[in-house]
2 protein chains.
Amino acid sequence: MLTIAQVERETGLSKDVLRVWERRYGFPVPSRDEAGDRLYDAAQVERLRTIKRLMDRGFRPGRLFAMSPEAFEALASAPAAGGPAMALDKACKAAIECILSDDNLGLRQSLNQLLAKQGLQRFVQDTVPVLNEQIGNSWASGRLAVHQEHLYSEEISRLLRSAIGNLPAGNQPPCVLLTTLSGEEHGLGLLMVEGMLAPEGARCISLGLQTPIEEIAMAASAHEIDVLVLSFSVAFPPRRGLAELQRMRAAIPERIEIWAGGGMTRGLLRHKLPGVLWTPELTDCLQRLQDWRIRHAVVV
Amino acid sequence: MLTIAQVERETGLSKDVLRVWERRYGFPVPSRDEAGDRLYDAAQVERLRTIKRLMDRGFRPGRLFAMSPEAFEALASAPAAGGPAMALDKACKAAIECILSDDNLGLRQSLNQLLAKQGLQRFVQDTVPVLNEQIGNSWASGRLAVHQEHLYSEEISRLLRSAIGNLPAGNQPPCVLLTTLSGEEHGLGLLMVEGMLAPEGARCISLGLQTPIEEIAMAASAHEIDVLVLSFSVAFPPRRGLAELQRMRAAIPERIEIWAGGGMTRGLLRHKLPGVLWTPELTDCLQRLQDWRIRHAVVV
DNA sequence: TTTCATACTTTGTCCAGGACAATGTGTTGA
DNA sequence: TCAACACATTGTCCTGGACAAAGTATGAAA
């Protein structure tokens, strides 16, 4: 039995939301302890997690709560649409198998093989997104436990970091600063972008996650950067993303380009923000890099 | 001007706390927008951050708010006591200088040198804590910006990961699982522990940050681990830490040892939890490892 | 048919102020 | 010196009302 604060941490739904849903939709209906405080059982938390996941895909709560249990189940276990059902490489399949069977050494080995075979950029561009999607689907349909997802993230990060670290230090323009805004906790996207740019010799400086806007601005001037890369996961509220991007844009000189990427940006492509370039796909980063170098007449 | 939600994210103080402080202590006193919602200016947010920092050191709000402005200032800029004022290595000083002057290449280079000279374990044990403390003090006294702290964390993590990655894969007992509980976002401690254990040939599996207790239990049985390492930063509420550790202890077989480390544990040493071993210092990990191996008659 | 502006609905966040339990602190007695 | 008690402090939770921003449907004009 979990308290409302624990449920907030585990599902990402704020206490206010949990209470207002209870009032409006009649779900969840937690029991109470002697003091009258809410206590949620595991089943309800599980259901809340599923709902959150579906909302991150664009469904709205009103619909979800109005659905019949069967329809809801079907939706929850259906793979995310839109992703072109790519043919799975045999090696990819092997990696997925390792995750499902908790074979961490095997996983490490198969990822290493894939990376060695494809090279860093192709690995980041083609393989990692496929794996991510597979993992996401398996998670949504309950075939994969949270701890297995954690292990996967950890191993991928480890691998990308070490691959990037083994590259010679980039010292050619542009100078790129990479980070996420406060509230964005997913760092894999950032690492993937770095994996695309670093092999091109760009000078990459990563600040890690959740840097406040004013701080990014200070870092931008301290390091005299040319490009600021910001990553937003699908779970980031698009409206907030747009607002923060505007604040960010106003906080640094126009000379500096902002490249905004990650799942959230896919829904915002038609919103044109002056001085902000959308890079929803990883290949877009390479394109942007090339454009920048041509525009600044940099020969590499 | 920031909304209450933004201040919560940036300071780590919950909305409830912000409102109740306003009611009780008369600080902060945000202005209001047209809708009557609170708007905090930068100065108040800065002050709140300082207060949070002092509270993480053990001060209670009542005291802090009752203090004269001068006394408060003095406290805020004083270095944390308790840390034995260690003599700073010249190389350490150089690294700190690089951070203060935003010289990220120089920083990387000087850290690399220190690591190469000392070896992974000594580096983790002697140098990293000193650097951490220096950074913490500089931050508290305003000499260091948040983005500089971010850069430092990022570079240290990078370095430790790559050093650990270059070790031969540990395949000797015990099998150790490393992670933090939900709510603990600081991962450097975890990496440092891994940096101590991996060179000893222990089989380390890291799940990254914020793994729910039930998931840790599942991972523990899936990987047949011998030891569970949990890291708690100073900012983790001790009371909650104790409660969660008890829940965690009950969720896995007694056979598995739990090693709890990090700043929070320093205040809990006299609380004896059966089956939980405190490892407040990094050297304690090595001691525990040796103990474990002797007790299980493992010859390495 | 498409595009755009307008009105309606949904939904997350905020507010006030009361309540309470857990923790810290100080005092008394053994 | 230590244990037990009472008192003060402090974070979290509660209810239920309010509102604005985002999404959605409707209808007019191109």
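Look above for the structure.
Rules and cut-offs
- Residues numbered from 1 in each chain as written.
- Chains lettered and ligands numbered in written order.
- Predicted model: local features only at pLDDT ≥ 70, side-chain atom pairs only at ≥ 80, totals over all residues.
- Heavy atoms only, no water.
- Least-squares fit on C-alpha atoms with pLDDT ≥ 70 in both.
- Contact = heavy atoms within 4.5 Å.
- Near = heavy atom within 4 Å.
- Polar contact = N/O pair within 3.5 Å; in protein donor to acceptor, adjacent residues only side chain to side chain.
- Helix = DSSP H or I, 4+ residues; strand = E, 2+ residues; numbered from the N terminus.
- Buried area = accessible area lost by both parts, 1.4 Å probe.
- Salt bridge = Lys/Arg side-chain N within 4 Å of Asp/Glu carboxyl O.
- Nonpolar A, V, L, I, M, F, W, Y, C, P; charged D, E, K, R; others polar.
- Phe/Tyr/Trp six-rings, centres within 6.5 Å; stacked < 30°, edge-to-face > 60°.
- Buried < 20%, exposed > 50% of the residue type's maximum accessible area, 1.4 Å probe, protein only.
- Axes fitted to C-alpha atoms, helices over the stretch in contact; angles between N-to-C directions.
- Parallel < 35°, antiparallel > 145°, perpendicular 65-115°, else oblique.
- Left-handed = near helix turned anticlockwise from the far one by under 90°.
- Pairing = 2+ DSSP bridges.

A. Representation of the relation of the copies chain B and chain A within the structure. Mapping chain B onto chain A calls for a screw motion: a turn of 180° about the axis and a shift of 0.0 Å along it, with 0.1 Å RMSD after fitting. Taken together, the rotation and translation describe the operation of a two-fold axis. Considering only C-alpha atoms, the residue of chain B closest to the rotation axis is S162(B), which sits at 2.8 Å. Comparing interface residues between copies, 100% of those in chain B also lie at the interface in chain A; the contact surface is shared.

B. A look at the protein's contact with DNA strand C. Around DNA strand C, the surrounding shell holds 23 residues, and the nearest of these are G62(A), K15(B), R19(B), R38(B) and R239(B). Each atom of DNA strand C within 4 Å of the protein was classed as base or backbone; sugar and phosphate made up 73%. In the environment of DNA strand C, a phosphate oxygen lies 3.2 Å from a nitrogen or oxygen atom belonging to the side chain of R32(B). Of all the secondary structure elements, the ones that give two or more residues to the surface near DNA strand C are α2 (15-25) and α4 (61-66) of chain A together with α1 (4-11) and α2 (15-25) of chain B. When residues of the surface near DNA strand C are assigned to their parent elements, the largest contribution, six residues, is made by α2(A).

C. Spatial organisation of the interface of chain B and chain A. If you look at the interface, chain B gives 37 residues, while chain A gives 37 residues. For the pair chain B and chain A, the summed buried area comes to about 3,700 Å², and 48% of that belongs to carbon and sulfur atoms. The closest approach of N and O atoms between R161(B) and E154(A), which form a salt bridge, is 3.6 Å. Connecting chain B to chain A are 20 residue pairs in polar contact (both at pLDDT 80 or more). Mapped by element, the contributors of at least two residues to the side of chain B that touches chain A are α1, α7 (104-118), α9 (146-165), β4 (202-206), α11 (213-222) and α12 (238-251) of chain B. Here the side of chain B that touches chain A gets eight residues from one element, more than from any other, and that element is α9(B). Classifying every residue of the side of chain B that touches chain A gives 13 nonpolar, 11 polar and 13 charged.

D. Spotlight on the packing of aromatic side chains. All told, the structure shown has 10 aromatic pairs over all chains when counted by the stated rule. Ring plane angle 75° and centroid distance 5.3 Å describe the contact between W21(A) and F65(A), whose orientation is recorded as edge-to-face. With W21(A) in helix α2 and F65(A) in helix α4, this residue pair connects regions lying 44 residues apart in the sequence. When its relative accessible area of 5% is taken as the criterion, W21(A) is described as buried. Centre to centre, the rings of Y25(B) and F65(B) are 4.7 Å apart; their planes meet at 15°, and the pair counts as stacked.

E. Structural view of the packing of helix α6 (residues 90-100) of chain A against helix α7 (residues 104-118) of chain A. Residues and elements named next belong to chain A. Contact geometry for α6 and α7: axes closest at 8 Å, N-to-C directions at 160°. With respect to each other, α6 and α7 are oriented roughly antiparallel. By crossing handedness, the relation of α6 to α7 is classed as left-handed. Counting all contacts with α6, which are made through A91, C92, A95, C98 and I99, the residues of α7 involved are G106, L107, S110, L111 and L114.

F. Region of interest: the protein's contact with DNA strand D. Around DNA strand D, 23 residues are found, and the nearest of them are K15(A), R19(A), R38(A), R239(A) and G62(B). Each atom of DNA strand D within 4 Å of the protein was assigned to sugar, phosphate or base; sugar and phosphate come to 74%. At 2.7 Å, a side-chain N or O of K15(A) approaches a phosphate oxygen of DNA strand D. Broken down by secondary-structure element, the contributors of at least two residues to the surface near DNA strand D are α1 (4-11) and α2 of chain A together with α2 and α4 (61-66) of chain B. Here the surface near DNA strand D gets six residues from one element, more than from any other, and that element is α2(B). For the surface near DNA strand D, the residue count by class is eight nonpolar, three polar and 12 charged.

G. Here's a closer look at the sheet that holds strand β4 (residues 202-206) of chain A. Residue and element names in this part refer to chain A. One open sheet accounts for five strands, arranged β4-β3-β5-β6-β7; its pairing is parallel. At either end of the open sheet lies a strand with only one pairing partner, and these are β4 and β7 (276-279). Neighbouring strand axes in the sheet, compared pairwise and without regard to direction, differ in orientation by 25° on average. Pairing analysis gives five bridges linking strand β5 (residues 227-231) to strand β6 (residues 257-261), with the strands arranged parallel. Each residue of the ladder has a partner; that of V227, found in β6, is E257. Of the strands in this sheet, β3 (172-179), β4, β5, β6 and β7 touch helix α13 (residues 282-295), which is tilted by about 140° from β3.

By themselves, these are just geometric observations and shouldn't be taken as functional.
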